[in-house]
Every structure is written in C-alpha cells, then in structure tokens.
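Understanding the architecture of this molecule
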Amino acid sequence: MSSREYQTGFGNHFSTEALSGALPQGQNNPQKVGLGLYAEQLSGSAFTVPRAQNLRTWLYRIRPSVLQGPFRPIERAPSLFKSRPFQEPTAPNALRWDPFSFPSQPVDFLDGLHTIAGNGDPDGYRGCATHIYFATKSMGSRFFYNADGEFLLVPEQGRLLLRTEMGELEIGAGEIGVIPRGVKFQADPLDPQARGYVCENYGQPFRLPDLGLIGANGLADPRDFCYPVARFEDKTGSFQLVSKYRGHLYQADLDHSPLDVVGWHGNYAPYKYHLDRFQVLGSISFDHPDPSIFTVLTSPSEIPGTANVDFVIFAARWLVQTNTFRPPYYHRNCMSEFMGLIRGKYDAKQTGFLPGGVSLHNCMTPHGPDAESFEKAVTSDLKPQFLSDTLAIMFESSLPFQVTPFAAGAKELQKDYLSCWKGLKSHFKSE
Ligand code: FE2
C-alpha cells in the first residue's frame, strides 16, 4: 500500500498548498500572490457552462506557463501514438489480440504509447482513441500534456508514478488514473515493467454516471476517488515539454521544471480510483441487466443517454439468477466495444482473451460467449456462483473504431479469433 497523501471526493473544489501562504485568501488573483508566486487559471470547460459541469483550477506557481517554447514538431523516431485518420478502413470483423509484447529497447511512457484504434476527431471534441502503454524507464527531463483530450490510464501490470502539476498519484493494477486535458505530467514506472490500457477521451470530461432508479448509492462512490495534494520542485536546467495538439506531437524547451505549483484550488485535477471499490449491482431474480450497469465513468455525447465513451468494468461478483443464461448474451450493438483484461478470466471466453490483450467488437459486429462457454452455461447447475478472479474493462463508444496500421499488422492479432464460435452447432428441433 502506498503511504501517499490524497484528498478524496469526486470533482470537489479542493484547496491544497505545499507551503503555508501559497494560496491567497478570499480572492483568486490578488495584486501580489503570497511567497512571490504567479497566479494562473487552468480551465477544463468553457467559462460559461452550467456550474455542475464547470471545471477550473487556480494554480499558484513559481513561474507562469508562458515561459516555454517555441514548440516545433518532435524530432524523434516516428511515434506510434496517433490520432485518426489512419490509412486503411476497418472491416466489420470481430478482432482480438494476444497480450502485446514489450518493445525490445527500454522505452519511457511517451515513446511506449502504441495506438490500437480510434474514432472521432480531436478537432471536433468528439470520440476517443485507445492505446497500450509500455514504460520501462523514466521520462527523465521530459514532460507531457495533451491538448487533444484527457487520459484514462488503466494499469495491467507494474505501478506508475504520475507526477503532475497538482501533485503525485501512484497507480497499479486494479486502479485507474485520469489526467485531464492540458495538465502537465510525467508517468514513470515504479517497477521494472509497466503496461496497461489508455483511453484518450476527446469529448466531454469523464464524470460519474447518473444513477436514475438505482437511487443515491451504488456503482462508484464519489468518496473513493483520490486527488493529489500540492507538491512542487524548484529546479532549473534543461527540460522538454511535449504537447499533443490536433493529432501531432510537438516539443518545446524549458529552463525549469514545470512541476512548480506550490498551491492550487479548484475542481480540475488528476485523480485515481481503485476498481475494487466499485459496488457491483445485478439481477437477483432472472435474466441480467445490460452491461451499462457496470459503468464507472462516462463521457456523455450531445444525445441524451448516448455516451461519447463509457468506461465499464466486469469485476468480481455473485451470479445468482435462476433459469438464466449467465454469461454475457449474444448480441449486436450500435455502440462499439473495445475490451481489455486486467486479471483472471472473462466469463464469456474460456481461452484466448488474456491480461494485456484486446478485443474489439465494432458497431453491429456480433459477439458473445465462445462455444465452450456456451456449453458450460447451458449445462451447469445454477447454484449461486461467485466470480472471484476476474477484472475486465471496456471502453464503449457511440462511434465505431478504426484500427491503426500498427494494430492491423501486429503479430499479436489473432488470425483465428472467429474460430472460437465455430463449435456453436444448431440444436434446433421442430418438435
Ligand atoms: Fe458486447
């Protein structure tokens, strides 16, 4: 367990200072800020959106962010961290990949981002991209911010230390971390190898879903979300700031560390959450609800009830329904589903879907339990059953995903995925 200090609550207006006197009292932008700091507002929403969606944080820092640049296109090996459009259209096949292999050379988090699929467009503030990250060395003197969207990080193995303008978060397998659009950070491995999934959300920032008829309790509880406390470094030297902007990477030189925020207050900040805290709800009679009931966070679109992207988990839970086919039902969906596995086994697949792997079922592409899972489900005794060793994740989007050339050509792409359903025979009897 980490002994790091956090502030808790989802989207609260936090106040935190690493040195007493960094935060002004009763005013956000006084003529002179205490400790000789500069005041800088970071806006995560338009100034005028309704109060419930309004996101902003005041940063009290040693130097303002204008002391950077100029930016120039990044001069490194071509990155696999991409936005659409990609070259080739994606056929409406069910797709699955084995766990992605670590690069042969050590990579930091930024060079280790491999885009698997994407949809929408950062210019239109719509859609998302999905990536696998690898991190086997520190980002060193490099920092990063993403103008195209927020990062939802889902570690699958190895811990990451997220050093951000607002303070530090440590995340490991079973947890998630969210870095809002524009926040400068480093992500460094705390173990020899770190790997996981990323959803880069171009749309409205993730928020907790409405609970409707569920009532006031259930799913992710706001009090389980952890935000960093202020922490700063006053360092001069040679640093680089990388920006992703309109699908391209740029780099600027800095003569100081950008992690120089001595105090901050506001509700726009990175956060983390442990998925074991998710209160799973489900059926206690027959049939089962749609997987939307497992939504942890949602980025809504303009269409009510239709997510730009939902973050959904399939966690440990009791199955108690009577007379019910208990694995996920066969279905075709107008939403598109990108899935990963953190640990254990997913209840619709006996083999082939492994931690660090990916499955992709795009708009209207049929999918469901493999033949072996079907046979087990229709012949097993329906006693109450606890699924203990399982944690699968899904990024479900209202826009179909296009696969990158990297993912389409990866050796991990399973050429025989469709064969997992080949054993599903007709059992039809007309009488
Ligand atoms: Fe599905």
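Structural data are supplied above this passage.
Below, the structure is looked at part by part. (Residues numbered from 1 in each chain as written. Predicted model: local features only at pLDDT ≥ 70, side-chain atom pairs only at ≥ 80, totals over all residues. Heavy atoms only, no water.)

A word on the packing of aromatic side chains
By convention here, two paired aromatic rings are described through the distance between centres and the angle between planes. What counts here: Ring geometry is summarised as follows: Phe, Tyr and Trp rings, the Trp one being its six-membered ring, pair when their centres sit within 6.5 Å, and such pairs are stacked at plane angles under 30 degrees, edge-to-face over 60 and tilted between the two. Accessibility here uses a 1.4 Å probe with only protein chains present; expressed as a share of the type maximum, an area under 20% marks a residue as buried, one over 50% as exposed, and anything in between as partly exposed.
Per the stated rule, a full pass over the model turns up 31 aromatic pairs. Between Phe325 and Tyr330, the ring centres sit 6.3 Å apart and the planes meet at 25°, which makes this aromatic pair stacked. Residue Tyr330 is classed as partly exposed on the basis of its relative accessible area, which comes to 36%. Here the aromatic rings of Tyr417 and Trp421 are separated by 4.9 Å at their centres, their planes lie at 50°, and the arrangement is tilted. Comparing Tyr417 with Trp421, the two get one shared label, buried. Every member of this aromatic cluster is reached through a ring pair, and the members are Phe10, Phe14, Phe225, Tyr227, Tyr271 and Tyr273.

Things to note about the coordination of the iron ion
Which entries qualify depends on this criterion: Each metal's donors comprise the N, O and S atoms found within 2.8 Å of it (within 3.2 Å for Na, K or Ca). Water is not part of the atom list, so some coordination spheres may appear incomplete. Here a site with four donors is tetrahedral if all angles are between 85 and 135 degrees, and a site with four or six donors is square planar or octahedral if opposite donors are over 155 degrees apart and the other angles are between 65 and 115; anything else gets the irregular label. Think of it this way: any DSSP run of H or I at least four residues long counts as a helix, any run of E at least two long counts as a strand, and we number them from the N terminus.
For the iron ion, every protein donor is listed as His331 (NE2), Glu337 (OE), Glu337 (OE) and His367 (NE2), and the spread of their distances is 2.0 to 2.5 Å. Every donor counted, the four donor atoms about the iron ion form angles of 56 to 151° at the centre, which fits irregular coordination. Read N to C, the donor residues that coordinate the iron ion are spaced as H-x5-E-x29-H. Of this pair, His331 sits in the loop between strand S23 (317–319) and strand S24 (336–344) while His367 sits in the loop between strand S25 (358–361) and helix H1 (371–379), placing them 36 residues apart in sequence. Residue classification places His367 among the buried positions, given a relative accessible area of 9%.

Details of the environment of Pro369
Applied cut-off: Contacts: residue pairs with any heavy atoms within 4.5 Å of one another.
Its place among the elements puts Pro369 in the loop between S25 and H1. Separated by 229 residues in sequence, Pro369 and Gly140 have C-alpha atoms that sit 44 Å apart. Setting aside residues no more than four positions away along its own chain, Pro369 makes contact with Phe325, Pro327, Pro328, Tyr329, Tyr330, Ala348, Phe374, Trp421 and Leu424.

Notes on the sheet that holds strand S22 (residues 307–314)
As a reminder of what qualifies: Here, any two strands with at least 2 DSSP bridges between them count as paired. Every axis corresponds to a line fitted to the C-alpha atoms, with the helix fit spanning only the stretch in contact, and the corresponding angles, defined between N-to-C directions, vary from 0 to 180 degrees.
Across the sheet, which stays open at both edges, the six strands sit in the order S6-S25-S24-S27-S22-S21 with antiparallel pairing between neighbours. Each edge of the open sheet is held by one strand with a lone partner, namely strand S6 (95–97) and strand S21 (295–300). Between one strand axis and the next, the sheet turns by 15° as a mean value, whatever way the strands run. Pairing geometry for S24 and strand S27 (residues 390–397), over eight bridges, is antiparallel. Within S27, the residue paired with Ser336 across the bridge is Ser397.

Some remarks on the pairing of strand S14 (residues 185–189)
A large share of S14 lies buried, amounting to five of its five residues. The side-chain alternation of S14 yields two buried faces, one formed by Phe185, Ala187 and Pro189 and the other by Gln186 and Asp188. Relative to S14, strand S11 (residues 160–164) runs antiparallel, the two being bridged by five bridges. Bridging across to S14, Leu161 finds its partner in Asp188.

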